[in-house]
Amino acid sequence: NSNASVISADTYVPYFKNIKSEYRRSETARFRIGVRPEFPNKSFVTESFFLTGEILPASSSYSIIDSVTNETIIPFTEINEDFINSKTKISNDANGSFFDIRMDSFMPERYYKIMLKIERSEDTQTFDDFYFKVVN
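Residues numbered from 1 in each chain as written. Predicted model: local features only at pLDDT ≥ 70, side-chain atom pairs only at ≥ 80, totals over all residues. Heavy atoms only, no water.

Draft legend 1. Structural context of the sheet that holds strand β8 (residues 91-93). The antiparallel open sheet is built from four strands, whose spatial order is β2-β4-β9-β8. For this open sheet the edge positions go to β2 (12-16) and β8, each flanked by a neighbour on one side alone. Mean inter-strand twist for the sheet, computed between neighbouring axes without regard to direction, equals 35°. The sheet contact formed by β2 and strand β4 (residues 28-37) spans five bridges and is antiparallel. Opposite Tyr12, over in β4, you have Pro37 as the bridge partner. (Pairing = 2+ DSSP bridges. Helix = DSSP H or I, 4+ residues; strand = E, 2+ residues; numbered from the N terminus. Axes fitted to C-alpha atoms, helices over the stretch in contact; angles between N-to-C directions.)

Draft legend 2. Main features of the confidence of the model for the protein. Counting all residues, the mean pLDDT for the protein is 86, and 84% of those residues have values of 70 or more. Mean pLDDT in the protein bottoms out at strand β1 (residues 5-6), which sits at 87, and peaks at strand β3 (residues 22-24), which reaches 98. (pLDDT = per-residue confidence, 0-100.)

Draft legend 3. Local environment of the packing of aromatic side chains. Under the defined criterion, the tally for this structure stands at 12 aromatic pairs. Judged by centre distance (5.8 Å) and plane angle (50°), the rings of Tyr12 and Phe127 are tilted. Of this pair, Tyr12 sits in strand β2 while Phe127 is found in strand β11 (residues 124-135), placing the two residues 115 residues apart along the sequence. Arranged with centres 3.9 Å apart and planes meeting at 15°, the rings of Tyr62 and Phe99 form a pair that is stacked. Linking Tyr62 in strand β6 (residues 61-66) with Phe99 in strand β9 (residues 96-102), this pair joins segments that are 37 residues apart in sequence. By the burial criterion, Tyr62 is buried, and Phe99 matches it. (Phe/Tyr/Trp six-rings, centres within 6.5 Å; stacked < 30°, edge-to-face > 60°. Buried < 20%, exposed > 50% of the residue type's maximum accessible area, 1.4 Å probe, protein only.)

Right under this line is the structure:
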C-alpha cells in the first residue's frame, strides 16, 4: 500500500503479519508489522479493517530478549542529537513496517521475546507479547 500513513489513533495495537513460531539458525527473517487502532470507529466496509495502510512512526525500534534469562540480547535503538544507532530501527516500505534479523546470532533451542517501542510526539508505548524460537 503505497499511500500508507503513520498510525494516528490514540490507542493502537501492533501485530506481526508473518511471525513464525520457529526459525532456523541459517535464516534471515523479515518481520512484518501491522498496526491498527485498538478501538476502530464502527463503519460498514467491504474489506477487512486489518488491511489499513497504517505504519509505525520512523522513530520506532525493536529489542530482542532471551525469554528464559530475561537478558536483553539486542537493545533498543539509542537516539540522541550526536549519534543515532539505527541497528534496531523499524523500517517502512510500500508493504508496511518491518525489520530483518539474522538468526545465526541467537543460541538455538531457545525462546526469544520481541519488544516494540513506538515513539510518537504525544506518547511512547512498548509492546512485548511476541515470541519466537530459534532451532538448528
